[in-house]
Amino acid sequence: MTYQQVVEALGLQPPRTIQRVAQALETLMREDAEQDRPFIAALVVSRRGEGLPAQGFFDLAVDLGRFPADPAQYAKAWRQEFERVLAAKE
């Protein structure tokens, strides 16, 4: 899902709908990290770019110690996290 699709699915009304979704996803990432769960936020991607999450996702994943600091490795780390989320749902 894109951030905008999440906004629409939740029925959020302006202002700052994308920002509110991003903040909620960051909270989920912190909770997931504390519980050693895959980042469910990895399922939400930006409609811009290469179908990856927004930069804030990667920044927080690095800060939480889950992703490498090297941006060249972000896409691979995200794909692995995405697969972990899908595997956890089974």
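Presented here is an overview of the structure given in this document. (Residues numbered from 1 in each chain as written. Predicted model: local features only at pLDDT ≥ 70, side-chain atom pairs only at ≥ 80, totals over all residues. Heavy atoms only, no water.)

Going from Pro14 to Pro15, the amide bond is cis rather than trans, its omega being 15°. One can find Pro15 in the loop between α1 (3–10) and α2 (17–34). One non-glycine residue, Arg16, lies in the positive phi region at around 55°. Mapped onto the elements of the fold, Arg16 is located in the loop between α1 and α2. Even without being glycine, Asp36 reaches a positive phi, approximately 55°. Locating Asp36 in the fold gives a position in the loop between α2 and α3 (55–63). For Asp36, a relative accessible area of 61% translates into the label exposed. (Helix = DSSP H or I, 4+ residues; strand = E, 2+ residues; numbered from the N terminus. Buried < 20%, exposed > 50% of the residue type's maximum accessible area, 1.4 Å probe, protein only.)

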